[in-house]
Structure formats: C-alpha cells, structure tokens
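Structural overview
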Amino acid sequence: MEFLEEWDQLVKAAQYGSGGAAQDSGHDARMTLASTQARGSGGGSGSPDLKASQGPWTAASGVATALQASTGSAATRLSAAHEGVTWGLEGFMTPAVLNEVRTTWSDRLADVKAECHRLEGALRAAGKEFGEVDARVAHSFTKQQGRGDSRAGR
C-alpha cells in the first residue's frame, strides 16, 4: 500500500470512527496519541487522557546541558590536537586542508553547543510550566473538595 492511500485510510478512520458517520462533519477529527503515557500502561488499552509531568522535561534539559559541556570540551580538544600538526609541512597542501577541516568542525561544534544552550532553556521552561500547571490543577481540586466538604456538613 502506498503512503497516500494509507494516510487517507487513517484520516477517514479518525473522522468516521467505527460507527461510519462523520463526527462533527469531519471538522473535529478525533485522533489519539500513540503513546503508552497517553493510553495507559496496557499498550493501547486504558484511558486516552494525556498524562504529562515535569520530570522528563527537566531530565532532557539536563541532557542538553551535559551535551553542551561535552561539545565545548570536544571543541577545545580539537583545537589542541591541531596545534603544531603542520610543523615541517610548509609548501604542501596538507596544512590548508587540515585547517579547513578543523574550521568546519569547529563551526559545527559551535552550532551544536548553541542549539543545546537554546534547548536547555526551552526544556527547563517547559518542565517548569508543566510543574506549575500540575500544582494549580491539584490546588483547584483541593479547593473544590474543601467546598464540597463544608456544604456536606451543613
């Protein structure tokens, strides 16, 4: 089966569901995430509610920080490895080629380091936001339970 045919079948299944009638005229196609977190630990069974937490975002932020540090270290080692390499090679093409290779790798490592720095901040902010949302939702439930308990005692 070709990609487009398969995609059309998936879209139609999402729009029409198992009942055969379009849900909301296809404007609000119901699709669920193919994630064990979204579907529960049963691998496809359970609640379709998405569960998110701060932990994975904070962990990913830490990985970005570590990668940024190791990329910086690699750039330093690359520069050190090229020191004195061209000694005795005057007049040959080798020094120019080595310098070009070193420059391109230095540029790539600098780009990776900059992207890791950007991602670290974005991932940390996402984790913080998830944590704050979780806390606000928990607080609102606690507040609602308190209201329910005080009404019941009247």
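So, a few notes on the structure that sits alongside this text. (Residues numbered from 1 in each chain as written. Predicted model: local features only at pLDDT ≥ 70, side-chain atom pairs only at ≥ 80, totals over all residues. Heavy atoms only, no water.)

All right, on to the overall build of the chain then. Check the secondary structure of the chain and you find four helices and zero strands. Overall, the chain shows an N-to-C arrangement of helices and strands of α-α-α-α. Relative to its full complement of 154 residues, the chain shows a buried share of 10%. Counting only contacts in the chain whose residues sit at least 6 apart along the sequence, the fraction spanning at least 24 positions is 51%. Total accessible area on the chain stands at roughly 11800 Å², and carbon and sulfur atoms take up 58% of it. (Helix = DSSP H or I, 4+ residues; strand = E, 2+ residues; numbered from the N terminus. Buried < 20%, exposed > 50% of the residue type's maximum accessible area, 1.4 Å probe, protein only. Contact = heavy atoms within 4.5 Å. Areas by Shrake-Rupley, 256 points an atom, 1.4 Å probe, with all protein chains shown as cover.)

A separate point is a nonpolar patch on the surface. A cluster of nonpolar residues, Phe-3, Leu-4, Trp-7 and Leu-10, forms a patch on the protein surface that exposes about 490 Å² of accessible area. Within the secondary structure layout, Trp-7 lies in helix H1 (residues 3-16). (Patch = residues over 30% accessible without salt bridge, like charges linked within 9 Å, V, L, I, M, F, W, Y side chains within 5 Å. Salt bridge = Lys/Arg side-chain N within 4 Å of Asp/Glu carboxyl O.)

Relative to the helices and strands, Thr-76 resides in helix H3 (residues 54-82). Residue classification places Thr-76 among the exposed positions, given a relative accessible area of 54%. Distance in space between the C-alpha atoms of Thr-76 and Ser-106 is 9.1 Å, their sequence separation being 30 residues.

Once that is clear, we can look at the packing of aromatic side chains. The geometry of an aromatic ring pair is captured by two quantities: the separation of the ring centres and the angle between the planes. Within this structure, the stated rule accounts for one aromatic pair. Taken together, a centroid distance of 5.5 Å and an interplanar angle of 25 degrees make the contact between Trp-57 and Phe-130 stacked. Of this pair, Trp-57 sits in helix H3 while Phe-130 sits in helix H4 (residues 94-152), and the two are 73 residues apart along the sequence. Sitting over the face of the ring of Trp-105, Arg-108 holds its NZ or CZ atom 4.8 Å from the ring centroid. (Phe/Tyr/Trp six-rings, centres within 6.5 Å; stacked < 30°, edge-to-face > 60°. Lys NZ or Arg CZ within 6 Å of the ring centre and 35° of its normal.)

Moving on to the pattern of salt bridges. Counted under the stated rule, the structure contains four salt bridges. Across the pair Glu-132 and Lys-128 runs a salt bridge, and its minimum N-O distance is 2.8 Å. In this pair, Glu-132 and Lys-128 both sit in helix H4, four residues apart, roughly one turn of the helix. Relative accessible area serves as the criterion here: at 30%, Glu-132 is assigned to the partly exposed category.

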